[in-house]
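What follows is each chain in one-letter form.
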Amino acid sequence: MFKIKYLIILFGLLAFGGCKSDPASKKSTGDDFEAAAIDSLRQEFKEVYYRFPSPEEMFSYLDSTGLQFNKGLLNPYANIDSYIETFYQSLNMGIYNADLAYISLFQRYKESLDYLQTIYILSERLRISEAFNKNLVFRIENNIRNNDSLEVISDDAFNGIINFLSKNKKEDVFALISMGGFIEFMHLSLSLCGEYSPENKVIQKIADQKLVFNNILKFAHQYSNERNIQKMIGLVEPLTQFYNKVQEETGKATVTKAPEGKLVFGAKKKSMLSENDFYKLKELISDIRIKITTAK
Amino acid sequence: MSESILKAILRLFAIVSLLLPDDKQLYAEEIIKSYLLQLVNQEKILQFLAIYRFYQNDFKERAQKKPGKSSRLFSVKSLLICEQINKHLLQNQKALMFFQILDIVHYKSTLSELENDYIKTLAISLNFSEDLYNNCRAFIFEPLAEVPDKNSVLMLSNAAFSAEPAIHHWQVANLRGSIVFLFIKETNNFFFRHTVTDDQLILKGRKTIAGRTYNFEKGSVLRSLLIGAIHYSDILKYYFNPNPESSFRFEASEIEYRFTRSGNGIFPLSFSIESGQLLGIMGGSGVGKSTLLNLLNGNLKPHSGQVTINGFDVHTEKKELHGIIGYIPQEDLLIEELTVYRNLYFNARLCFGNLSENQIEVLVNNLLTDLDLFEIKDLKVGSVLNKFISGGQRKRLNISLELIREPYLLFVDEPTSGLSSTDSETVMDLLKEQAMKGKLVVINIHQPSSDIFKLFDKLLVLDKGGRPVFFGNPVDAPLYFKKVRQLINAEDSECITCGNLNPEQILQIIEAEEINEFGKHTGKRVFSPDEWYNLYKKNVEVKPRSTDRIKTRVPWSLLSVPGKYKQFGIFLKRNLLSKLADRQYLLINLLEAPLLAFILGFFTRYNAGSATSEYAYIFSANINLPVYIFMGVIVALFLGMMVSAEEIIRDRKIIQRETFLNLSRLSYYNSKVLFLLVLSAIQTLAFVLVGNCIMGIKGMIFPYWMVLFSASVFSNLLGLNISDSLKSVVSIYILIPLLLVPQILLGGAMVRFDRLNKQIASQEVVPVIGDLMASRWAYEALAVHQFKNSRYEKFFYFTDKTESESSFRLNYLVPELQLILDEVSEKTSKPDKELINKNFALLRNELIFLAQSDENIPVFKNIEMLDEEKFTRNVEEELNIYLQRIKDLYLRKLDDALDNRDKIIEGLVIKLGNKNKVIEMKHDYYNESLAEIVMNKRDNEKIIRYKNRLVRKAEPIFAMPGSKSGRAHFYSPVKRIGGLTINTLWFNMAALWLMNIAFFLFLHFGIIRKTVTFSGNLLFKGR
């Protein structure tokens, strides 16, 4: 059976209640993210997956002591009322996913449920809710305090979504969700990283995300005949241009094999941002994010 | 009479008195005094006399001041006074006053020319006809022979006949003089004068003076020690020669009746009686008087024997005898909320379709006056507990209902029960008058007084068990009984001194008990009822002439029932007026609906709050909207039932009577229905206006109103049927929960139709029990319409539907088919043949369905190979590919639909200006909770296998019904019937109205009523 899987293990749920992340990723973490950039070529029948860093990984570099849960950073779930077009529904689904990851750091069950429900509602509107197994939400609600099974449930859920999106040839939706997630992740990191300094490891990581961005964009370009994709490309154009200017020092590409037979493409980058660029990036991300979350 | 009119009359008297010489002034005053006595009470007489004298003086002074002109002046003045009087006095009051004036100028035996002219002028000014004037004048001033209308004169004297043959004469023994009566046709009044000086003739407890004119009113009695009593009805007898054409013979021939349960009834009885008489039926309580009355009037059919009028059978030939018989039962037949006038008025309208409004008014007023009810005509009748008029007045009014059409044969059940002796006399006089006029009046009476007893022309006495024991002249009754018992004083029927007959004696004798050796009553009767009965049969009863069954002419009746439409109008008006008169009823019924709407709306108005305000109300976020809709339906059902539950049963007796009159029952029902329809319309409109406003439901007033109105009408008709079928009000109210709880339970909101008890639930369509519930139709109609046709969803419905269908087929239908395919291709050790065949059938059916439902899908070419025997791996492969292609098709369709949705939104944004407006519109018109329900979001069961088909459970609001017979799943957007596709709103309304019409017909044909009576009889083995 040929299955083309685009597995995106969205970090949030994986790390619920306990940062049990993929051991393979643990190996390759340290100071670096593992940003796997994938080129998707359906014809090659490759099993690839493209993985965002887990919250533990993502926020590991942060000094998490004294870090407070700041609800104000999140996209309020009440905004869902404004998302009536599929474009915004998809983008914001990604954003909410990222928010969910953030929330999971702080073990906040009520907000987790709220955001999960919100994601589910968006999936209904996009007609991809069938990805969620029967009783999924029900199971989640009932297991909210039981960390272990929750992980399994959430794993199932998002495996499901990815499966579904691929089977149903909704790669464009997938691209939008990914981009949304990316923007939010950037937004959160930028808000939590603190003051600018050349030694700030977090900022280094943030800079590395350029690669992730480019890969998502490249992936999306394959479906540029879709209106929504065109819109998205247009929306992030300022960021695209920004990144094109940033200097990069390329490192070696690595390929490792993770336990479940998945291949991990890694690239160690040592990118750096100047102070000006840093603030410019912050502004850009903020702009784009506002446009998405307010659906204007 | 008002004081000002009395004063005017006194002024007139004063002017007249000027014609008299001074020595006759006292004489005039006497006359005036006795006139005043009839009008005011003792204390005021002096006051008015003083006023009279004052006027007199005033006029005298004026006469002295202008001597020459006085007579003209007084004529003018008199004319003015007459004008005033004309406006306020009835004809007979004027006549009385005129007679006083005549009496006053009768101080000498002839009139001067001046006096004559004056009197004549007066008469003309008082609008008296010339005949009237002449008669009156001659009555006073001329010998009787000169009275123009001799027919209207009656003389009483102790001579055998009068000198003047043309006038009526009545010989009264012991009369020391003569009494002369004059009948005034125009006013239907008697006046009399007498010449008796040796005896005291008492009228209304006052001495009458010879030579004076007195008004002899209805029910009056003129008494003296010597002559006894002269009743009004006696006088009447001499004036009315019953029209021989309208005389008839009433005959009961061996009629017998037996109640199966109690053994009581009526023993074989025969009698015959001519019209123009008053027959009294007497007996102890419980002997069967009412039963006998009902046998005679045609209400009850005897088990053997016949009752005939001039040969026409009262029970089998009702049509020919229509309008002849009148019956006044003991119970009240009045409509409490209406006034005395209106009760009689509507009754008259129903009896006389051929008379004009004016004529009926006159008729009614006249009768009310005759019955002394005119003064209270505008008082509400009230209930027996909450009286506005006295018992006697009620009784008279009841009688008036029948009397107005003067039926030839009038049956009255206990006319005097509960009345004072004065009232009893009045009533009996009325009835006697009818008999005098040639009617046959049959009454039941329990304990008549001696006076009443003497009014009877014939007496029938009943003993226990319905045994007749006497029939004949009432005066002979005591004689008969005493003789049988061989009592002393048998010959004395009347008491010598007071003239009283003692009717109680009769009953006493009948029921007398034996005395034992100790002088105590034993409880055993001297003569048993059977003995009395046998005696009666032997001695008293006149056997009917068996061959005498020739039918002669039936008297023509006045009854002219108006046509059905007119009746309908009358019933409606009557109903309306009686409801409007009941303030409490009005208030409660009109306010109840909006009040309920307010309560319902207020408590279900869930304000979720918004970003800006915690208490902000957003329509789309109101979780309770579906509850509001369902409760609205229930409220409509309740309201409809409550107003109709009592409607017919409270009119029970009146309906019986109206059937007696052969009035159209249909018209009656129709009038009730129309009234309730209008009331329901008002109530539901009020409900919708208030409730929808509170809930923020915009712009759907008309559909909501239509649906709730239809539901309310259903309840109305159901309630009317119940009201018509049951015997007591209590039973109705006990039944109501039994009728309404199923509506609540099976309306589709409380319990899902596919989750009911499996023996009645169906997975494909709403089960039959659901289709019988009005609530189901109403609720579904509103829920579907509210969702589908809201201003927001209207734009999206079609594309949402495509989206839903594509998604369903893509994600559930085809995968399920693939699953089934896997099942059949799986090689197991023990293949379940039945299951495999079932699966193949399923596959075939669904593939056919898919091809039929979508023109883009070709029929699977090897469909016949989907069979246990013909199935091959090849076919399996082909089918898999086929199914995958279908999936791809729907994938594209889904994408297209989603794109389409985006485009619509774009269009809306342009149309409305900006996106916020679109979102606002969604907030105002699209309710999330309702959407959740009609899309069945909470349920995970999207598709099931059922009877060789795959049944779609997902998002019912977007699913087309499978059946073409009109049945469908709940929340179906349309219904299909034959080749037509009809919107759920209209289809459901039609279903509701179909039920309404059915119940309307049930009402007309009395189907429910008859079923209830029939089953009641079966159960209790009654009569």
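Residues numbered from 1 in each chain as written. Chains lettered and ligands numbered in written order. Predicted model: local features only at pLDDT ≥ 70, side-chain atom pairs only at ≥ 80, totals over all residues. Heavy atoms only, no water.

So, about the packing of helix 5 (residues 91–105) of chain B against helix 7 (residues 130–141) of chain B. All names here are of chain B. Orientation of helix 5 relative to helix 7, taken along the N-to-C sense of each, is 40°, at an axis distance of 10 Å. The way helix 5 lies across helix 7 gives a crossing that is right-handed. The segment helix 5 lies against helix 7, with Phe98, Phe99, Leu102, Asp103 and Val105 engaging Tyr133, Cys136, Arg137, Phe139, Ile140 and Phe141. (Axes fitted to C-alpha atoms, helices over the stretch in contact; angles between N-to-C directions. Helix = DSSP H or I, 4+ residues; strand = E, 2+ residues; numbered from the N terminus. Left-handed = near helix turned anticlockwise from the far one by under 90°. Contact = heavy atoms within 4.5 Å.)

This part takes up the sheet that holds strand 1 (residues 153–157) of chain B. Residue and element names in this part refer to chain B. Judged by pairing direction, the sheet is mixed, and its five strands sit side by side in the order 2-1-3-4-7 without closing on themselves. Taken across any chain shown, the strands that pair with only one partner, and hence form the sheet edges, are strand 2 (168–171) and strand 7 (214–216). Strand-to-strand twist across the sheet, computed as the mean angle between neighbouring axes with direction ignored, equals 25°. Where strand 1 meets strand 3 (residues 179–184), four bridges bridge the pair, whose relative direction is antiparallel. The residue of strand 3 that forms the bridge with Met155 is Val180. Running at roughly 20° to strand 4 (residues 189–194), helix 5 makes contact with strand 3, strand 4 and strand 7 of the sheet. Running over the sheet, helix 7 touches strand 3 and strand 4 and is turned about 170° from strand 3. (Pairing = 2+ DSSP bridges.)

A word on the pattern of salt bridges. For the structure shown, the criterion picks out 51 salt bridges over all chains. For Asp895 of chain B, the salt bridge goes to Lys170 of chain A, with nearest N and O atoms at 3.3 Å. With Asp895 of chain B in helix 29 (residues 873–912) and Lys170 of chain A in the loop between helix 7 (147–167) and helix 8 (171–192), the pair connects residues from two separate chains. The class for Lys170 of chain A is buried, based on a relative accessible area of 2%. Several salt bridges share partner residues, and in doing so they unite Arg752, Asp754, Arg755, Asp939, Glu941 and Lys953 of chain B into one network. (Salt bridge = Lys/Arg side-chain N within 4 Å of Asp/Glu carboxyl O. Buried < 20%, exposed > 50% of the residue type's maximum accessible area, 1.4 Å probe, protein only.)

Quick look at the interface of chain B and chain A now. As a measure of interface size, the accessible area lost when the parts come together is often cited. Taken together, the contact pairs 28 residues of chain B with 22 residues of chain A. Here chain B meets chain A over a buried area of about 2100 Å², counting both sides, of which 40% is carbon and sulfur. Run the count over chain B and chain A and you get seven salt bridges. Across the pair Arg127 of chain A and Glu803 of chain B runs a salt bridge, and its minimum N-O distance is 2.9 Å. Remark: the boundary between chain B and chain A carries ten residue pairs in polar contact (both at pLDDT 80 or more). At the level of elements, helix 27 (793–825), helix 29 and helix 30 (915–925) of chain B are the ones that each hand at least two residues to the side of chain B that touches chain A. (Buried area = accessible area lost by both parts, 1.4 Å probe. Polar contact = N/O pair within 3.5 Å; in protein donor to acceptor, adjacent residues only side chain to side chain.)

Glancing now at the packing of helix 29 of chain B against helix 30 of chain B. Residues and elements named next belong to chain B. Following both chains from N to C, one finds helix 29 and helix 30 inclined at 105°, their axes separated by 7 Å at the closest point. By the criterion of interaxial angle, the relationship of helix 29 to helix 30 is roughly perpendicular. Contact residues: Leu908, Val909 and Leu912 in helix 29; Lys915, Lys917, Val918 and Met921 in helix 30. Per-class residue counts for the contact of helix 29 with helix 30 are five nonpolar, no polar and two charged. (Parallel < 35°, antiparallel > 145°, perpendicular 65-115°, else oblique. Nonpolar A, V, L, I, M, F, W, Y, C, P; charged D, E, K, R; others polar.)

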